[in-house]
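Coordinate analysis (summary)
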Amino acid sequence: MAKTLKKGNGICMFAYNNEQLDYVKFAYVCAQFVKRNMKNNQVALITDDGSYGWMKQSIGEKNVDAVFDYVVIDDPGSEADRNIRNHHDSPWTDFNAKFTNTNKHRVFNNTPFERTLLIDTDFLVMNDFYDYVFDSDFEVGLHRYAEYLGGEIPYQSEVTLNTSGINHWWSTVVYFDQSPLSKLFFDIWAHVKDNWEYYSLLYQFPPALFRTDFCVSIAAHLFNGLNNDDFVHDFLGTPLLNMDQKDDIVKFNNLDDVIFLKHNRQEPWKNILMKYSGDNLHLMNKRAFDRQIDFIRQSFEGATS
Amino acid sequence: MDERLERALEFANYRITLSNQKRTVRQRMSVLTTIHYKSGVFHANPQTISFVKALVDSGKESSIILDTKENPIEIEDLNDLLDTLLSSYTEAANEYKVQLDKIKKARNIKSLMDW
């Protein structure tokens, strides 16, 4: 992207398709939720030529233009090809797919906005909770806490980076402005990425999969003065609400109301139904999300017609 | 399976789902009553509301109040904070009641889920 003056507030999301998952389709739906539920609802998509071409072809150029105010082309390069992630779809099915996240830190330069909320394309914004942050003087914000459906605590590696390690912070939702300190935060993120093996030894986390959660956790640790200070804003201590990859979505009653089938971690053959209304949702089971997209898109079409 | 046992298990499932939904609604109330004000974080709960009201009643227009993270926040207009807290609490409590009433009326899992 040519260097232009960044202005206003908005949401950024990354979407790079692979053989298994149609991320641009997820991004399209996520952007529709942003438009519907937030006041600061300008949306920028960061993608590559191939994914963007497929998006226009599969969704329609007019629809894409209606939802995305900006499209930024950023090729992640070949290093993303080596990052393969194992995904689950229920406790009984899994698959491997390329996980393109190695250029996520470049959002600082790629964003067209002065104040940006970066969200993942599996994160549904169902209310206006995050609007307040655009009126604040925070420089960087991330979720420190998370919980899974039914109030279940996160896995150990999602609380601290190792059993006696530093706090885990989530890169699913990242708020930042264009201040020098924000830039430093993203520079540290890039530095950890470039020295991944070293930091995996230093902080004792598994190096096999490159995870941006770990990069931001290290950056947040440094920013908080190598302890648990509160320079990095934690979205009022509000936990990120995660749907486990082993849970399923039964149905969307409507655009505010989702019914999940939550699995039991100890006895995964046991399930329970859970309904969430108006809560922001991190849908980690991508296939389950994919199965609902037709209904969601029809609901949006019905809402606008 | 014995029909009595089947019905008992069905009821147990309903009760588990009911208690989960109640917890979800309570959590939603907690999120809705957490407010950001002048760079501080406050819970719009009876304790905070009473404290701010006590300051207002004692004739103060401004004050320094510790937020939930124990940071001192300079509040220039206590009445404005009080209004914000009250409106947040009232809105959240209303939604809580509506949702809880709906849950209480639901006598099976299907109606709990608004299926």
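Nothing here was measured: the structure is a model prediction, and the numbers come from that model.

1. Digging into the pattern of salt bridges
Inspection of every chain in the model, using the stated rule, returns 24 salt bridges over all chains. The partner of arginine 291 of chain A in a salt bridge is aspartate 89 of chain A, and the shortest N-O contact between them spans 2.9 Å. Linking arginine 291 of chain A in helix α8 (residues 286–304) with aspartate 89 of chain A in the loop between β4 (84–88) and β5 (94–98), this pair joins segments that are 202 residues apart in sequence. Across the pair lysine 104 of chain A and aspartate 120 of chain A runs a salt bridge, and its minimum N-O distance is 2.9 Å. Here lysine 104 of chain A, found in the loop between β5 and α4 (107–110), pairs with aspartate 120 of chain A, found in the loop between β6 (115–119) and β7 (123–124); they are 16 residues apart in sequence, far enough to count as distant. Look at lysine 104 of chain A and you get buried, because its relative accessible area is 7%. Linked by salt bridges that have partners in common, Asp257 and Lys275 of chain A together with Lys102 and Asp114 of chain B make up one network.

2. Here we look at the sheet that holds strand β10 (residues 170–176) of chain A
All names here are of chain A. Across the sheet, 6 strands lie side by side as β3-β2-β1-β6-β10-β8; this open sheet has mixed pairing. The outermost strands of the open sheet, each flanked by one partner alone, are β3 (70–73) and β8 (140–143). With direction set aside, neighbouring strand axes in the sheet form an average angle of 20 degrees. Of the strand pairs in this sheet, strand β1 (residues 9–15) and β6 are connected by 4 bridges, and their pairing is parallel. Bridge pairing links cysteine 12 to leucine 118 in β6. Each of β8 and β10 touches helix α5 (residues 180–194); the most contacted strand, β10, lies at about 150 degrees to it.

3. A few points about the interface of chain B and chain A
One widely used convention gives an interface's size as the accessible area the parts lose upon coming together. Every contact between the two is made by 21 residues of chain B and, on the other side, 25 residues of chain A. Across the interface of chain B and chain A, roughly 2000 Å² is buried in total on both sides, 55% from carbon and sulfur atoms. Interface area lost by chain B to chain A is led by Arg28, His36 and Trp115 of chain B, which between them contribute 27%. Two residues, aspartate 234 of chain A and lysine 69 of chain B, come together in a salt bridge whose shortest N-O distance is 2.7 Å. Inspection of the chain B/chain A interface yields 9 residue pairs in polar contact (both at pLDDT 80 or more). Mapped onto the side of chain B that touches chain A, the elements with two or more residues apiece are α1 (3–32), β1 (34–37) and α4 (109–112) of chain B. The element best represented in the side of chain B that touches chain A is α1 of chain B, accounting for 9 residues. Tallied by class, the residues present in the side of chain B that touches chain A amount to 8 nonpolar, 9 polar and 4 charged.

4. Looking at the sheet that holds strand β15 (residues 281–283) of chain A
Spatially, β7-β15-β11-β9 (chain A) is the arrangement adopted by the 4 strands of the open sheet, whose pairing is mixed. Strands with a single pairing partner mark the edges of an open sheet, and in this sheet they are β7 and β9 (146–148) of chain A.

5. A look at the domain arrangement of chain A
Residues and elements named next belong to chain A. Examined at the domain level, chain A breaks down into domain 1 (9–241) and domain 2 (248–304). Of the residues lining the interface, 41 residues belong to domain 1; the matching set on domain 2 comes to 30 residues. Interface area, domain 1 with domain 2, both sides summed: about 3400 Å², of which 58% is carbon and sulfur. Between the two partners, domain 1 and domain 2, sit 6 salt bridges. Where aspartate 122 meets lysine 286, a salt bridge forms, and the shortest distance between an N and an O atom there is 3.0 Å. At the boundary of domain 1 and domain 2, one finds 16 residue pairs in polar contact (both at pLDDT 80 or more). Of all the secondary structure elements, the ones that give two or more residues to the side of domain 1 that touches domain 2 are α1 (23–37), β4, β7, β10 and β11 (240–243). Of all the elements, α1 adds the most residues to the side of domain 1 that touches domain 2, at 9 residues. Of the residues belonging to the side of domain 1 that touches domain 2, the class tally is 25 nonpolar, 10 polar and 6 charged.

6. Things to note about the side chain of asparagine 253 of chain A
Tracing the sequence through the fold places asparagine 253 of chain A in the loop between β12 (248–252) and β13 (257–263). On the accessibility criterion, asparagine 253 of chain A (19% relative accessible area) is buried. From its side chain, asparagine 253 of chain A meets the backbone oxygen of aspartate 114 of chain B in a polar contact 3.5 Å long. Those residues in contact with asparagine 253 of chain A that sit more than four places away from it in its chain are Ile259, Lys275 and Phe295 of chain A together with Met113, Asp114 and Trp115 of chain B.

7. Considerations on the packing of helix α2 (residues 46–57) of chain B against helix α3 (residues 78–105) of chain B
All names here are of chain B. Where α2 contacts α3, the two axes come as close as 10 Å, and the packing angle between them is 155 degrees. One finds that α2 runs roughly antiparallel with respect to α3. The handedness of the crossing between α2 and α3 comes out as left-handed. Here Pro46, Thr48, Ile49, Val52, Lys53, Leu55 and Val56 of α2 come into contact with α3, specifically with Leu78, Asn79, Leu81, Leu82, Leu85, Leu86 and Tyr89.

Scoring rules and cut-offs
- Residues numbered from 1 in each chain as written.
- Chains lettered and ligands numbered in written order.
- Predicted model: local features only at pLDDT ≥ 70, side-chain atom pairs only at ≥ 80, totals over all residues.
- Heavy atoms only, no water.
- Salt bridge = Lys/Arg side-chain N within 4 Å of Asp/Glu carboxyl O.
- Helix = DSSP H or I, 4+ residues; strand = E, 2+ residues; numbered from the N terminus.
- Buried < 20%, exposed > 50% of the residue type's maximum accessible area, 1.4 Å probe, protein only.
- Pairing = 2+ DSSP bridges.
- Axes fitted to C-alpha atoms, helices over the stretch in contact; angles between N-to-C directions.
- Contact = heavy atoms within 4.5 Å.
- Buried area = accessible area lost by both parts, 1.4 Å probe.
- Polar contact = N/O pair within 3.5 Å; in protein donor to acceptor, adjacent residues only side chain to side chain.
- Nonpolar A, V, L, I, M, F, W, Y, C, P; charged D, E, K, R; others polar.
- Domains from an automatic or database assignment.
- Parallel < 35°, antiparallel > 145°, perpendicular 65-115°, else oblique.
- Left-handed = near helix turned anticlockwise from the far one by under 90°.

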